[in-house]
Amino acid sequence: MAKGKKGEVLVSKFYEIKGDKVVRTRKFCPRCGEGVFLAEHKDRRTCGRCGYTEFKK
Ligand SMILES: [Zn+2]
């Protein structure tokens, strides 16, 4: 599988190092606003609250 590199990029996007802590940074739902995270799926992100779906490219 050639997904190794892509996976690393995604991980670095969703994790942020603050001091000695690793903070998870995920995307918020554009409809519900801050506080509502989108669930990560293999090829898309979905909001469990309003049903918003965003496809990854
Ligand atoms: Zn939503």
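Position numbers for residues start from 1 in each chain and track the written sequence from start to end. Restriction of local features to residues with pLDDT of at least 70 applies here, the model being predicted, together with a cutoff of 80 or more for giving and counting side-chain atom pairs; totals for whole chains, interfaces and linings are based on all residues. As a rule here, side-chain values come from all non-hydrogen atoms in the structure, and water together with hydrogens is ignored.

Under an unreviewed UniProt entry, the protein chain has the name Small ribosomal subunit protein eS31 and belongs to Geoglobus ahangari. One UniProt comment on the protein chain, placed under Sequence similarities (unreviewed entry), says "Belongs to the eukaryotic ribosomal protein eS31 family." UniProt positions are given in the numbering used here, feature names are shortened, and annotations may be inferred rather than shown by experiment. On record in UniProt, under Subunit (unreviewed entry), the comment for the protein chain is "Part of the 30S ribosomal subunit."

Colleague: Explanation requested: the UniProt feature "binding site: Zn(2+)" (unreviewed entry) in the protein chain in the structure shown.
Modeller: Sequence positions flagged by UniProt for "binding site: Zn(2+)" (unreviewed entry) are, in local numbering, Cys29, Cys32, Cys47 and Cys50. In sequence the annotated residues extend across 22 residues, while in space they remain close, none of their C-alpha pairs exceeding 8.8 Å. Strands are runs of DSSP state E lasting at least 2 residues, helices are runs of H or I lasting at least 4, and numbering of each runs from the N terminus. Structurally, Cys29 is set in strand β3 (residues 28-29). Apart from the residues lying within four places of it in its own chain, the contact partners of Cys29 are Val36, Leu38, Cys47, Cys50 and Tyr52. Note on placement: Cys32 falls in the loop between β3 and β4 (33-40). Contact criterion: two residues are considered in contact whenever any of their non-hydrogen atoms come within 4.5 Å of each other.

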